[in-house]
Amino acid sequence: MTAPRVVGVDEYATRKGRHYGTILIDIETRRPIDLLPDREASSLAAWLGARPGIEVICRDRAPFFAEGATAGAPQAVQVADRWHLWHNVSEAAERAVAQHRRCLGALVTAAPDPDPEPAPEKDSSGSPWATGHRFADRTRARHADVHALLEAGHSRRSVQRQLGMTWRAVKQLAEAKAPEELFTGQWQNRPSVLDDYKPYLDDRWNEDCTNAWKLWEEIVPLGYKGSYQRVRAYLHKKRTSPRPVVARPPSPRTVAGWILRRPETLPEPEQLLLKTVRTHCPEIDALTRHVRAFAVMLTERQGECLPG
């Protein structure tokens, strides 16, 4: 078989991503030529060395592809294909927009303030725990039982035996004039291991990422030591809590998509939104200009203009 003049080199993966190899493509016919079982530089070098007629190798920037191409076909010119170049630009653009996500708030129309919620009725006892709370009701009932028996003349030992309580519990209830004295510190305002990561979760939630498992996987590398269930409970509360329906700012990926598309193909509403973002953020404006200038260079291939 005659060796192709221009060869594309890329990696491939099995359907479940359990094995990676190398695919060779004839760029001029756009047809696959061969599959290598691994991504080793030596395998690629051996394949290229057996085909001395190759003039151009089109590859991504993986180091093992660079080493294999240099060793196996030193006569060939190595170039990067447009797909990988544009893919890299796309990822960089999204990261750049994400760094300035606060600017995207300019696209959200101010919503009217929701009707204020009625203040919860305070318990007549002045307790920090409302009536109906299981812990509070049980403590009040036990406090009443202990004091009723003491007032009837029973000793604390007798109360302990009759109510089946520990001596410490009877002592605490007996010395408390009101059950509310025993509520202080019971699960109130305890810090959570999730507190430091809630701002990150809120930002990702506003970007329409609401998958608890995915967000848990994202904050673990950031130092989160808590459980997945705690993250799920926090997001469930956000999902079910009543809140005013307001427009959310677009995600960095959406804005990056506006920047990466051809300006003439972008619908007018999205053109106006992008214009608003560029007006409020000089960095995103500069990013848009750089991406579009690179796109012209990449697609029109005006190599004769390079000296200028």
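Q: Before we go on, may I ask you to explain helix α7 (residues 198-206) in this structure?
A: The α-helix winds at 3.6 residues per turn, so residues separated by three or four positions along the chain end up facing the same way. Residues of α7 that are buried include every one of Leu 201, Arg 204 and Trp 205, and no others. Taken down its axis, α7 places every buried residue within 105° of arc, on the same side. Those residues of α7 hidden inside the fold are in contact with α8 (212-219) and α9 (228-240). Following α7 by one or two positions, Asp 208 adopts a phi angle in the positive range, close to 70°.

Q: So what exactly am I meant to see when it comes to the pattern of salt bridges here?
A: Any two side chains of opposite charge can pair, so long as their charged atoms come close to each other. With the rule as written, the count across this model stands at 15 salt bridges. The partner of Glu 28 in a salt bridge is Arg 5, with the nearest N and O atoms 2.9 Å apart. Of the two residues, Glu 28 is situated in the loop between β2 (20-26) and β3 (31-36) and Arg 5 in the segment before β1 (6-13); the sequence distance between them amounts to 23 residues. Linking Arg 262 and Glu 264 is a salt bridge whose minimum nitrogen-to-oxygen distance equals 3.8 Å. Given the relative accessible area of 59%, Glu 264 is considered exposed. Salt bridges here are not isolated pairs; linked through shared partners, they connect Arg 101, Arg 204, Glu 207, Lys 214 and Glu 218.

Q: Looking at this structure, I do not really get the sheet that holds β3. What am I missing?
A: For sheets, the rule is that strands pair by backbone hydrogen bonds, running either parallel or antiparallel. Pairing is mixed in the open sheet, where 5 strands are placed in the order β3-β2-β1-β4-β5. A strand with exactly one partner marks an edge of an open sheet, and here the two such strands are β3 and β5 (77-80). Looking at each pair of strands side by side, their axes are set apart by 30° on average, direction ignored. With 7 bridges joining them, β1 and β2 adopt antiparallel strand pairing. Bridge assignment links Tyr 12 to a residue of β2, and that residue is Gly 21. Each of β1, β2, β3 and β4 (56-59) touches helix α1 (residues 41-49); the most contacted strand, β3, lies at about 130° to it.

Q: Explanation requested: the packing of aromatic side chains in the structure shown.
A: Pairs of aromatic rings are described using the distance from one ring centre to the other and the angle between the two planes. Going through the model one piece at a time under the given rule, you end up with 5 aromatic pairs. Between Trp 213 and Trp 216 the ring centres are 4.9 Å apart and the planes differ by 45°, which places this aromatic pair in the tilted class. Note that Trp 213 and Trp 216 are positioned in helix α8 at a spacing of 3 residues, about one turn of the helix. Ring plane angle 75° and centroid distance 6.2 Å describe the contact between Trp 216 and Tyr 228, whose orientation is recorded as edge-to-face. Linking Trp 216 in helix α8 with Tyr 228 in helix α9, this pair joins segments that are 12 residues apart in sequence. Through a chain of ring-to-ring contacts, the aromatic side chains of Trp 213, Trp 216 and Tyr 228 assemble into a single cluster. Residue placement shows Arg 51 over the ring face of Trp 47; its charged tip is 3.9 Å from the ring centre. Looking at Arg 157, its charged tip hangs above the ring of Trp 167, at a distance of 4.3 Å from the centre.

Basis of the calculations
Residues numbered from 1 in each chain as written. Predicted model: local features only at pLDDT ≥ 70, side-chain atom pairs only at ≥ 80, totals over all residues. Heavy atoms only, no water. Buried < 20%, exposed > 50% of the residue type's maximum accessible area, 1.4 Å probe, protein only. Helix = DSSP H or I, 4+ residues; strand = E, 2+ residues; numbered from the N terminus. Arc of directions from axis to C-beta. Contact = heavy atoms within 4.5 Å. Salt bridge = Lys/Arg side-chain N within 4 Å of Asp/Glu carboxyl O. Pairing = 2+ DSSP bridges. Axes fitted to C-alpha atoms, helices over the stretch in contact; angles between N-to-C directions. Phe/Tyr/Trp six-rings, centres within 6.5 Å; stacked < 30°, edge-to-face > 60°. Lys NZ or Arg CZ within 6 Å of the ring centre and 35° of its normal.

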